[in-house]
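Residues per chain, in single letters:
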Amino acid sequence: MNVHERQTTSLENVQSWLTQVITSRGDLASKLKQAESVAGSTVHKMIQAQSVDEQQERLSVYVTGYVLRLVECLKEEYPLLNRFLGDELFETFAKAYLIDYPSKSWTLHHLGEGFSWYLKQTQPIIDDTTDIESLLLTLPAQIAVYERAKAMALLLRGTEQQNRSRWVIPGVLKQPLNYESWIQTPPCMTLLSLDYPVWSLEDAGSNMTFTQSINISFDKPIYLLISRKQYRPINIELECWQYELLSKCQDMIKVGDLLASIPWSSRDKTLRWLNEIDVLNVCEV
Amino acid sequence: MANNQTVDAFPHLGFGIGLRTKHYEWLLSHSEWGVDWFEIISENFIGNEGYGRHVLDTIRTVVPIVMHGVSLNLGSTDALNLEYLKRLKQLADELNPKWVSDHLCWTGHAGINTHDLLPLPLNEQSLEHTCNRVEQVQELLQRTLVIENPSSYLEFKQSTIPEWAFLSELVDRTGCRLLIDVNNIHVCSVNHGYDPYVYLNQLPVEAIVQCHLAGATASGNLLIDTHSKPIAREVWALYRHLVNKTDALSTMIEWDADIPEFPTLVAELNKARAIAAGDDIPEGLSQKETSDHPISNPIPI
C-alpha cells in the first residue's frame, strides 16, 4: 500500500467519506461523487460487496435512514406546521434544512432550533402581495416559532422544581409585598410577538382551510406568553403592557425595581395580574 | 484505568424496559409495573427539566435505572466532546444509575452528528483509537464504561478483525464491560453472513453485564434493526444460548417504533423471564418483507 492509499483508507478518511455520502445533497450517485471529491476515495475502495447493486443497497440504509429519522424528529416538534403545509411540502422544507444545516449537536433537542429562521430565509421576496398571499408566505415561519416555544415550555425548567432551584417560592407574590424579593420568568417561558394568532389553528380540523379559519390581523402585533404549569403547556394572550412588563423580568429583577419602572397608578393592577397568571419564579430574601 | 467501579458494581438487575415518553402516563397511574428496572436514553434527559424528568425522578425512587447513550461518538476521529461528557457526568451524578453505556460506533465526522450509529472499519488502527477513547471517557466519567455491539449494514474493506475479537480486545485493554444486543448479532449475522453462535461463543462472558432484545424488519437482502416488532424466534434462541453461558444477565427490551402499550411490552419481557428460567423458546413472528424504507435505530423518545 502506497502513502496515498494509506491516507485515503485511514480511519479519518473513511469517516469523512461516509459522512459525505450520508449528508451531502442529491441522489446516491451525486453523493458518491461529492464524497470522492472530498475524501479522494471511491465506493469500490471502501465497501465490501459483490456488486454495485449490493453496495447501493447497503449504503441506502444509512443514506435513507438519516433523512427519514431526522424528518420524523422535526415532525414530532412541528405537528401544526406539518398539518398546515401537508406532508409533501413539510418534508421538502425539512430535508432542505437538514442538508443545508446538518446537526452539529449531541442532542436532538437542538435539531429544530433554526427551523423557523430557515423558513423565513426561504420566503420569496415579492412586491405587491395580497393579504392572503402574504399570510401564506409568512405564516409557516410564525407557526414554527410558536411550536418551538411550546417544545421549550415542556423541556426547560419551570416553576415546579422548587427543591432543585434557588427560586424557593414559586408563583404568587406574597403579601405584604417584599420589595427586596427577586422576580424572574422561568426558562420554560417564551414571550412572542406574532403577526397572526397562530394558536387558533390548534383547534382547527385536519382538513380545514387555514386561510379561512385564522383571524387575520395585520394592524398590530399579537403578544403571547407560552409556558407551562404543573407540566401542562399554557398559552396566555397578552396586552402590550403585560408583554413589556414580563420582558423586563427575563433577567432577574427586584420587585421594587420592577414596580418603580411602571406608573404608580398601575401598580395595584399589575400586582393583581401577576398573581392571577401565577407563572413567575419569585425568590424571597 | 482510573475508576471506582468493581465487578460487584454491576449487579444483576433482572428484567427491564427502555423508558419511553409514550408510557409516562401509564407508569404514573399504575403502581405495579411488572419490570425490575428501566434503561433511559441519556441524551433525552440532559437538559430536560420538564415532565420527563419528573417521571424519571418518580420512577427511580422505586426501581434502579441505567443510562444508555447514543452520542458519545466513541469511534470518531473528531475530538471527544468535553461539554457533552461534562453534562453526561453531571446527569450520572444526579441520577446514580447502575451503569452508563454507549455503542461501538461513531456518529459523525468534522462536527456533524448524523444521529445514527455508524460502523467502524475494524482494524488495528481503529482498535487502538477506540481503546484510547474508552480510557479517556472512563477517566472523565470516573466510571467503567459499558459498550454495546451495534447493528450494521455494511463492512469496510479496511476491516481485518472480526467484531467479537475487536470487543474482546477492547475489554482486555480498557477494562470496559459489554452490553450485548442479541438482536444486533442476529441482524449482522444475516447482513454479513456469519454464524451468530460463533460470535457469541468468542465473547468474554465475564465482561457481559447487560443484554438488549429487540425486533427487526426484513428489507430486500438485509435485516434492519427497527426496534418495531416482537422478538424473532432466532433471537430468542440466541438469547437462550447467551443466558446459558452467563450467571446472571440483566436483560431489557428496546421498542422505539410502533410502540405498543406498556402491558404488551411487559408480556414480551415475560418471555425473556421464562427463557432465562428454562422454559421453551416461544414462537417468534417471522420477519416479513416490507415495501417501505424501514428506519434502522429509530430515535428513542
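Here, residues in each chain are numbered from 1, in the same order as that chain's written sequence. Written order determines the labels here, with chains lettered from A and ligands numbered from 1. Where local features are concerned, this predicted model is filtered to residues with pLDDT of at least 70; where side-chain atom pairs are given and counted, the filter is 80 or more; whole-chain, interface and lining totals use all residues. To obtain the side-chain values, all non-hydrogen atoms of the structure were used and water was disregarded.

### Overview of unusual backbone geometry
Residue and element names in this part refer to chain B.
At step 1: A positive phi angle, close to 60°, is found at Asn73, a residue other than glycine.
At step 2: Under the DSSP-based scheme used, a helix requires at least four consecutive residues in state H or I and a strand at least two consecutive residues in state E, with every element numbered from the N terminus. Inspection of the secondary structure assignment puts Asn73 in the loop between strand S3 (65–68) and helix H4 (82–95).
At step 3: You can call Asn73 buried: its relative accessible area is 13%.
At step 4: A positive phi angle, close to 50°, is found at Asp258, a residue other than glycine.
At step 5: Assignment of secondary structure puts Asp258 in the loop between strand S10 (250–253) and helix H10 (262–276).
At step 6: Three exposure classes are used, based on accessible area relative to the maximum for each residue type with a 1.4 Å probe and protein chains only: buried under 20%, partly exposed in between, and exposed over 50%. You can call Asp258 exposed: its relative accessible area is 66%.

### Concerning the packing of helix H7 (residues 182–192) of chain B against helix H9 (residues 233–245) of chain B
Residues and elements named next belong to chain B.
At step 1: Contact geometry for H7 and H9: axes closest at 9 Å, N-to-C directions at 120°. By the angle class used here, H7 and H9 are oblique. Where H7 crosses over H9, the two elements pack in a sense that is right-handed. For the pair H7 and H9, the contacting residues are Val182, Asn183 and His186 in the first and Glu234, Val235, Leu238, Tyr239 and Leu242 in the second.
At step 2: Residue polarity follows a fixed list, in which Ala, Val, Leu, Ile, Met, Phe, Trp, Tyr, Cys and Pro are nonpolar, Asp, Glu, Lys and Arg are charged, and the others, Gly among them, are polar. When grouped by side-chain class, the residues that make up the contact of H7 with H9 number 5 nonpolar, 2 polar and 1 charged. Lines are fitted to the C-alpha atoms to define the axes, a helix being fitted only along its stretch in contact, and any angle between axes, read from their N-to-C directions, falls within 0 to 180 degrees. Roughly parallel means an angle under 35 degrees; roughly antiparallel, over 145; roughly perpendicular, 65 to 115; everything else is oblique. Crossings are classed by handedness, with left-handed meaning an anticlockwise turn of the near helix from the far one by less than a right angle and right-handed meaning a clockwise turn. Residue contacts follow a heavy-atom distance rule, with two residues in contact if any of their heavy atoms lie within 4.5 Å.

### Here we look at the pairing of strand S4 (residues 100–103) of chain B
Residues and elements named next belong to chain B.
At step 1: Of the two faces of S4, the one lined by Val100 and Asp102 and the one lined by Ser101 and His103 are each fully buried.
At step 2: Note on pairing: two strands pair once DSSP finds at least 2 bridges between them. Where S3 meets S4, 2 bridges bridge the pair, whose relative direction is parallel. The partner of His68 across the bridge, within S4, is Ser101.
At step 3: Of the crossover connections in this fold, the one passing from S3 over H4 to the parallel S4 is right-handed.
At step 4: Inspection of the sheet shows S4 paired to strand S5 (residues 145–148) by 4 bridges, in the parallel sense. Bridging across to S5, Asp102 finds its partner in Ile147.
At step 5: Running through helix H5 (residues 124–141), the crossover from S4 to the neighbouring parallel element S5 is right-handed. If you view a crossover with the strands going away from you and the path from the first strand over the helix to the second runs clockwise, you call it right-handed.

### Re the environment of Thr114 of chain B
At step 1: Tracing the backbone shows Thr114 of chain B in the loop between S4 and H5.
At step 2: We classify Thr114 of chain B as buried; its relative accessible area is 1%.
At step 3: Distance in space between the C-alpha atoms of Thr114 of chain B and Ser71 of chain B is 9.6 Å, their sequence separation being 43 residues.
At step 4: Once residues lying within four places of it in the same chain are set aside, the contact partners of Thr114 of chain B are Ile22, Thr23, Tyr66, Arg69 and Leu70 of chain A together with Thr107 of chain B.
At step 5: The term polar contact refers here to a pair of N or O atoms within 3.5 Å; inside protein, the definition further demands a hydrogen-donor-capable atom paired with an acceptor-capable atom, and it admits residues adjacent in sequence only when both atoms are side-chain atoms. Of the polar contacts made by the side chain of Thr114 of chain B, one reaches the backbone oxygen of Thr107 of chain B; its length is 2.6 Å.

### A word on the sheet that holds strand S5 (residues 232–238) of chain A
Residue and element names in this part refer to chain A.
At step 1: As summarised here, the arrangement of the 3 strands in space is S3-S4-S5, forming an open sheet in which the pairing is antiparallel. Of all the strands in the sheet, the pair left with one neighbour each is strand S3 (190–194) and S5. For this sheet, the mean inter-axis angle between neighbouring strands, taken without regard to orientation, is 25°.
At step 2: Of the pairings in the sheet, the one linking S3 to strand S4 (residues 222–229) comprises 5 bridges and is antiparallel in character.

### A word on the pairing of S5 of chain A
All names here are of chain A.
At step 1: As paired strands, S4 and S5 are joined by 7 bridges and run antiparallel to one another. Bridge pairing links Ile226 to Asn235 in S5.
At step 2: What sits between S4 and S5 in their antiparallel hairpin is a turn of 2 residues, with Gln230 showing a positive phi close to 50°.

### As for the interface of chain A and chain B
At step 1: Residue-level contacts link 47 residues of chain A with 58 residues of chain B.
At step 2: Simply put, the buried area is the total loss of 1.4 Å probe accessible area from both parts when two parts are fitted together. Of all residues in chain A, the largest losses of buried area upon contact with chain B belong to Tyr62, Arg69 and Trp106 of chain A, amounting jointly to 20% of the total for that side.
At step 3: One side-chain nitrogen of Lys or Arg within 4 Å of one carboxyl oxygen of Asp or Glu is enough to make a salt bridge. Joining chain A to chain B, the criterion identifies 1 salt bridge.
At step 4: For Asp116 of chain B, the salt bridge identified is with Arg69 of chain A, shortest N-O distance 3.4 Å.
At step 5: Taken together, the links from chain A to chain B amount to 20 residue pairs in polar contact (both at pLDDT 80 or more).
At step 6: Taken together, the elements giving at least two residues each to the side of chain A that touches chain B come down to helix H2 (11–23), helix H4 (43–46), helix H5 (52–77) and helix H8 (131–155) of chain A.
At step 7: When residues of the side of chain A that touches chain B are assigned to their parent elements, the largest contribution, 13 residues, is made by H5 of chain A.
At step 8: For the side of chain A that touches chain B, a count of residues per class yields 20 nonpolar, 16 polar and 11 charged.

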